[in-house]
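Remarks on the overall topology
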Amino acid sequence: EAKDADMLRLKLKVKGLGGGKVSLVVKKDNDDFATLTFDAGENYVSVNTAKVKNNRNKGIYGGELHIDEQLEAEIFIDHAMITVYINGSKTITAMVYSLGKDIEISYTGGGNFSADFELYQMKEI
């Protein structure tokens, strides 16, 4: 019998990013959240866990990533971590204990931005 594993898998495809920035906020509530940011203007990707309440190691994890007009990311969120695979060339993992499952996506910048995403709830085997 399959049970909820409390894991989400998000596939994100972005086009027309220009010099803009895409942010995903994964939250339990407005005071308890982590932010994943793809910044094409700064050529930087990061996971910020400073606002995750039950986290011992709070900080910003990321690095340089040249982002052209197109971005593909696969994001796994479970009870203990966020793992992000980006454009087949970069991986970021950040510990985020007891994080919620509400996801908000935002974009700042100009251009012809569009985003497609698929969200799956992973089941335990």
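See the structure above.
The paragraphs below set out a description of the structure included in this document. (Residues numbered from 1 in each chain as written. Predicted model: local features only at pLDDT ≥ 70, side-chain atom pairs only at ≥ 80, totals over all residues. Heavy atoms only, no water.)

1. Quick word on the pairing of strand 8 (residues 90-95)
For a regular strand, side chains alternate in direction, first toward one face of the sheet and then toward the other. Here six bridges tie strand 7 (residues 81-86) to strand 8, and the two strands are oriented antiparallel to one another. Residue pairing across strands places Tyr85 opposite Thr91, the latter belonging to strand 8. Connecting the antiparallel pair strand 7 and strand 8 is a turn made up of three residues, with Asn87 showing a positive phi of about 50°. (Pairing = 2+ DSSP bridges. Helix = DSSP H or I, 4+ residues; strand = E, 2+ residues; numbered from the N terminus.)

2. So, the sheet that holds strand 5 (residues 60-64)
Picture the strands of a sheet paired through backbone hydrogen bonds; they go either parallel or antiparallel. Across the sheet, which stays open at both edges, the five strands sit in the order 5-4-3-2-9 with antiparallel pairing between neighbours. For this open sheet the edge positions go to strand 5 and strand 9 (102-108), each flanked by a neighbour on one side alone. Neighbour to neighbour, the strand axes of the sheet diverge by 10° on average, direction disregarded. Both strand 2 (residues 21-29) and strand 3 (residues 32-39) contribute to a ladder of eight bridges, which runs antiparallel. The residue of strand 3 that forms the bridge with Lys21 is Asp39. (Axes fitted to C-alpha atoms, helices over the stretch in contact; angles between N-to-C directions.)

3. What to know about the side chain of Thr83
Considering the arrangement of structural elements, one finds Thr83 in strand 7. Residue classification places Thr83 among the buried positions, given a relative accessible area of 11%. Ignoring anything within four residues of it in the chain, the contact list for Thr83 reads Glu74, Ile75, Phe76, Thr91, Ile92 and Thr93. (Buried < 20%, exposed > 50% of the residue type's maximum accessible area, 1.4 Å probe, protein only. Contact = heavy atoms within 4.5 Å.)

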